[in-house]
Number of protein chains: 2
Amino acid sequence: MFGAMIHGEHDVRFEERPDPVIEEPTDAVVRTVATCVCGSDLWRYRGIAPVDSPTPIGHEYVGVVEEIGSQVTGVRPGDLVVGGFTTSDNTCPVCRKGMQSACLHAADYDGCQAQYIRVMNASGTLVTIPDTPDTALMPSLLALSDVMCTGWHAAVSAGVEPGCTAVVVGDGAVGLCAVLAAQQLGAEKVIAMSRHADRQAIARQFGATHIIPERGDEGVARVRDLTDGIGADAVLECVGTADSVDQALRSVRPGGQVGWVGVPHVEGLPLGRMFRRNIGLRGGIAPVRAYLDDLLARVMDGRIDPGRVFTLTLPLSQVAEGYAAMDERRTVKTMLIP
Amino acid sequence: MFGAMIHGEHDVRFEERPDPVIEEPTDAVVRTVATCVCGSDLWRYRGIAPVDSPTPIGHEYVGVVEEIGSQVTGVRPGDLVVGGFTTSDNTCPVCRKGMQSACLHAADYDGCQAQYIRVMNASGTLVTIPDTPDTALMPSLLALSDVMCTGWHAAVSAGVEPGCTAVVVGDGAVGLCAVLAAQQLGAEKVIAMSRHADRQAIARQFGATHIIPERGDEGVARVRDLTDGIGADAVLECVGTADSVDQALRSVRPGGQVGWVGVPHVEGLPLGRMFRRNIGLRGGIAPVRAYLDDLLARVMDGRIDPGRVFTLTLPLSQVAEGYAAMDERRTVKTMLIP
Ligand SMILES: [Zn+2]
Ligand SMILES: [Zn+2]
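Computed from a predicted structure; not experimentally measured.

Within chain A, the regular secondary structure consists of twelve helices and 16 strands. Taking 338 residues into account, the globule formula puts the C-alpha radius of gyration at 20 Å, and chain A, at 20 Å, falls close to it. Along the three orthogonal principal directions, the C-alpha set of chain A runs to about 60 × 40 × 40 Å. Residue burial in chain A is summarised as follows: out of 338 residues, 59% are buried. Expressed as a percentage of contacts within chain A between residues at least 6 apart in sequence, the contacts between residues at least 24 apart total 67%. When the accessible surface of chain A is split by element, carbon and sulfur atoms take 47% of a total near 12700 Å². Averaging the coordinates of the 29 positive side-chain charges in chain A and doing the same for the 41 negative ones gives two points 7 Å apart.

Spelled out as structure tokens, the structure:
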């Protein structure tokens, strides 16, 4: 089969790779119907994270089950499925607590930007998409594999509840999905911090009631203007840089919560200030499996359409261009079709 | 009047001080019925926090209202009252969100280990104790001024809920009250980490189902033995040292929460690990006023008896001995009667 390999900075190639096979009785092999490029893939593409040797890449997919191991239950060959960006058995004590991203038997994919994918922990990871969905739903189904569930996790971790005010820091695909999540969870004001007109437009479609293009002190002041001068109840941190984490911590009110889902690249946190102001911090790697059933139902009945974040679709063979377009911000997120 | 002044390390004196008076129309003057020494007072007593000049000390009390300013409502002269260790107007936007410890008009006491106390923000701070309570209830009423509400805040911040497993790090008065809070909030297992037999006994009276005397790796291993190998749902951090915060963060399961109420004396936190494991951190200075009504009712009808933490009672004139006894761990907490 063919799939994407990252060789180094700005160097992703569509190459022949070994066909995945069932290695464990808990594995499935899935034929990819749609996959995509993640903002987190760009860390290596941009040379910020090292690439020691050519490596398969990608961790999001919708596909059709080709083959299952002898112990796989719940999915059958021919099923159209979606799986999260980490695999989980969904039965261990950590999974039973709903934190499948820290499953005691978690295992990573060997590159999902490929024609076929080996899915470990298949029973606990894959969810069958009921009926045959309209093709128009495919982008939204694919978004469930990572960004929509990650944005949802930001909202849950930040404690978004009906009537609250939520600020979303970050206007990438995850940030936009976080706006949608905050709207769905009943936030009365959903404030998107975004400087890009195209992303602001999607944020508004997703339910943002206010857009703040300013950052730093000015951004904090704008948030306070909208929140009785005290900051927001819930702040959804969807970037992970020192600046964005700082923006998030300064935008939340005393007693409020920051839900962070952007992998943190920060030196430290203002712990004394957080303690004095009772600022909570929760979140991390999203437990996709915990949210999949609910969010799949919301996609199927049209309550959410997170697929709007895919502003470019390419054949999988043009994966290199898919990366370049995201790197240069010509698209929010690239969908790839084998 | 007479009250306690701290002059420096191991030097607290009972001295003549000016009688407090109404300075603002929102003030009240309270005649102290009972006051006490706080673990946080010991930072200065032990020379860890500096004492630049002789300073009035203490921030916990039950008393009788002597006089009120022209704008004070809700309490009247003659009322027996309890107030939290910070004052709050209970009307500003932050107070309305339930985080009265960060009130926009917060003001600190000028020493409550005294015969009389000036209470600023009296309407928003003082709560009248109904009827005339049995003298035996006095220690428990006094505990509402700080330690019981602070322990409660640890439990709320850690997300204690019915059926969960809670670990309490710290066996001082706050830690013991946190055990009681976890029990009241329905935790199924309440694990107290304590090495002192006298404190273990109080922890058991307060509802601890398990005692772990070990610390460090051994303590973490003991917690895991009791939690399917994954750690506790909720950890209540009631000390604030680097060691205790580390103990707390390592005792919580993936997706669990640490509620911290011990003023943090830490350099930093293991943010990468917290993110990967989705460990939440909430808490800070307790909003006493948010909990007072509920906890007062629980004291009055006998559901809780946090006064057990006062294992020594002295006349206020012997305040110096009250500090020494706590410093030397001869008592959990010292009550002082003017
Ligand atoms: Zn698991
Ligand atoms: Zn206030």
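Attention now goes to the domain arrangement of chain A. As a measure of interface size, the accessible area lost when the parts come together is often cited. All names here are of chain A. Entries for chain A in the domain assignment read domain 1 (2-146 + 287-337) and domain 2 (149-283). Using only C-alpha atoms to locate each centre, domain 1 and domain 2 end up separated by 26 Å. Each partner contributes to the interface: domain 1 provides 24 residues, whereas domain 2 provides 17 residues. On the domain 1 side of the contact with domain 2, Tyr291, Arg308 and Val332 bury the most area, a combined 30% of that side's loss. One can count zero salt bridges joining domain 1 with domain 2. Our enumeration of links across domain 1 and domain 2 arrives at six residue pairs in polar contact (both at pLDDT 80 or more). With six residues, helix H11 (residues 288-300) is the single largest residue contributor to the side of domain 1 that touches domain 2.

For the rest of this paragraph, the subject is the coordination of the zinc ion (ligand 2). Residues and elements named next belong to chain B. Listed as protein donors to the zinc ion (ligand 2) are Asp89 (OD), Cys92 (SG), Cys95 (SG) and Cys103 (SG); their distances from the metal cover 2.2 to 2.3 Å. Between the four donor atoms coordinating the zinc ion (ligand 2), the angles at the centre fall across 95 to 120°, so the site counts as tetrahedral. Going along the chain, you hit the donors of the zinc ion (ligand 2) in the pattern D-x2-C-x2-C-x7-C. Both residues of the pair, Asp89 and Cys95, count as buried.

Listed per partner, the contact involves 36 residues of chain A and 36 residues of chain B. With both sides pooled, the region where chain A packs onto chain B buries about 2800 Å², and carbon together with sulfur makes up 69% of that total. Looking at the side of chain A facing chain B, the largest losses of area belong to Leu271(A), Phe275(A) and Asn278(A), adding up to 26% of the total buried there. For the interface between chain A and chain B, the tally reads four salt bridges. The salt bridge partner of Lys97(A) is Asp233(B), with a shortest N-O separation of 2.9 Å. Taken together, the connections running from chain A to chain B amount to 13 residue pairs in polar contact (both at pLDDT 80 or more). Of all the elements in the fold, those that place two or more residues in the side of chain A that touches chain B are helix H2 (93-96), strand E13 (252-260), helix H10 (271-277) and strand E14 (280-283) of chain A. Its residues placed into classes, the side of chain A that touches chain B shows 19 nonpolar, ten polar and seven charged.

Let us now look at the packing of helix H8 (residues 216-225) of chain A against helix H9 (residues 242-251) of chain A. Residue and element names in this part refer to chain A. Relative to each other, H8 and H9 sit at 30°, their axes nearing to 9 Å. The orientation of H8 with respect to H9, classified from their angle, is roughly parallel. For the pair H8 and H9, the crossing hand works out as right-handed. Contacts from Gly216, Asp217, Gly219, Val220, Val223 and Arg224 of H8 reach H9 at Gln247, Arg250 and Ser251. Here the residues of the contact of H8 with H9 sort into two nonpolar, four polar and three charged.

Turning our eyes to something else, we now look at the coordination of the zinc ion (ligand 1). Angles at a metal have ideal values that depend on geometry: 109.5 degrees with four tetrahedral donors, 90 or 180 degrees with six octahedral donors. Residues and elements named next belong to chain A. In the first shell of the zinc ion (ligand 1), the protein supplies Asp89 (OD), Cys92 (SG), Cys95 (SG) and Cys103 (SG), at 2.2 to 2.3 Å from the metal. Angles of 96 to 120° at the metal separate the four donor atoms of the zinc ion (ligand 1), which places the site in the tetrahedral class. On the primary sequence, the residues serving as donors to the zinc ion (ligand 1) are separated as D-x2-C-x2-C-x7-C. Residue Cys92 is located in the loop between strand E6 (80-83) and H2, and its partner Cys103 is located in the loop between H2 and strand E7 (116-119); the two are separated by eleven residues in the primary sequence. When its relative accessible area of 4% is taken as the criterion, Cys92 is described as buried. Among the residues examined, Cys103 registers a relative accessible area of 6% and is labelled buried.

All names here are of chain B. Pairing is antiparallel across the open sheet formed by three strands, whose spatial order is E2-E1-E4. Where the open sheet ends on each side, the last strands, each with one partner, are strand E2 (11-16) and strand E4 (55-56). The pairing of strand E1 (residues 2-8) with E4 spans two bridges and is antiparallel. Each residue of the ladder has a partner; that of Ile6, found in E4, is Thr55.

Under the fitted operation, chain A is carried onto chain B by 0.0 Å of movement along the axis and a turn of 180°, and the coordinates agree to an RMSD of 0.0 Å. Put plainly, the chains are arranged around a two-fold axis. Relative to the rotation axis, the closest C-alpha in chain A is found at Leu281(A), a distance of 2.7 Å. Here 100% of the contact residues of chain A are again contact residues in chain B; the copies associate through an equivalent surface.

The subject of this paragraph is the UniProt feature "domain: Enoyl reductase (ER)" (unreviewed entry) in chain A. Here the UniProt-annotated "domain: Enoyl reductase (ER)" (unreviewed entry) positions come out as residues 8-336 of chain A. End C-alpha atoms of residues 8-336 of chain A are separated by 20 Å, and the span's content is 30% helix alongside 24% strand.

Residue and element names in this part refer to chain A. In the contact formed by helix H5 (residues 147-157) and H11, the axes pass within 10 Å of each other and the chain directions differ by 105°. With respect to H11, the axis of H5 lies roughly perpendicular. Across the interface between the two elements, Met148, Cys149, Trp152, His153 and Val156 of H5 pack against Val288, Tyr291, Leu292, Asp294, Leu295 and Arg298 of H11. Per-class residue counts for the contact of H5 with H11 are eight nonpolar, one polar and two charged.

Conventions adopted
- Residues numbered from 1 in each chain as written.
- Chains lettered and ligands numbered in written order.
- Predicted model: local features only at pLDDT ≥ 70, side-chain atom pairs only at ≥ 80, totals over all residues.
- Heavy atoms only, no water.
- Helix = DSSP H or I, 4+ residues; strand = E, 2+ residues; numbered from the N terminus.
- Rg over C-alpha atoms; globule rule 2.2 N^0.38 Å.
- Buried < 20%, exposed > 50% of the residue type's maximum accessible area, 1.4 Å probe, protein only.
- Contact = heavy atoms within 4.5 Å.
- Areas by Shrake-Rupley, 256 points an atom, 1.4 Å probe, with all protein chains shown as cover.
- Lys, Arg positive; Asp, Glu negative; His and termini not counted.
- Charge placed at Lys NZ, Arg CZ, Asp CG, Glu CD.
- Domains from an automatic or database assignment.
- Buried area = accessible area lost by both parts, 1.4 Å probe.
- Salt bridge = Lys/Arg side-chain N within 4 Å of Asp/Glu carboxyl O.
- Polar contact = N/O pair within 3.5 Å; in protein donor to acceptor, adjacent residues only side chain to side chain.
- Donors = N, O, S within 2.8 Å, 3.2 Å for Na, K, Ca; no water.
- Tetrahedral: all angles 85-135°; square planar, octahedral: opposite > 155°, others 65-115°.
- Nonpolar A, V, L, I, M, F, W, Y, C, P; charged D, E, K, R; others polar.
- Axes fitted to C-alpha atoms, helices over the stretch in contact; angles between N-to-C directions.
- Parallel < 35°, antiparallel > 145°, perpendicular 65-115°, else oblique.
- Left-handed = near helix turned anticlockwise from the far one by under 90°.
- Pairing = 2+ DSSP bridges.
- Least-squares fit on C-alpha atoms with pLDDT ≥ 70 in both.
- UniProt positions renumbered as here; feature names shortened; annotations may be inferred.

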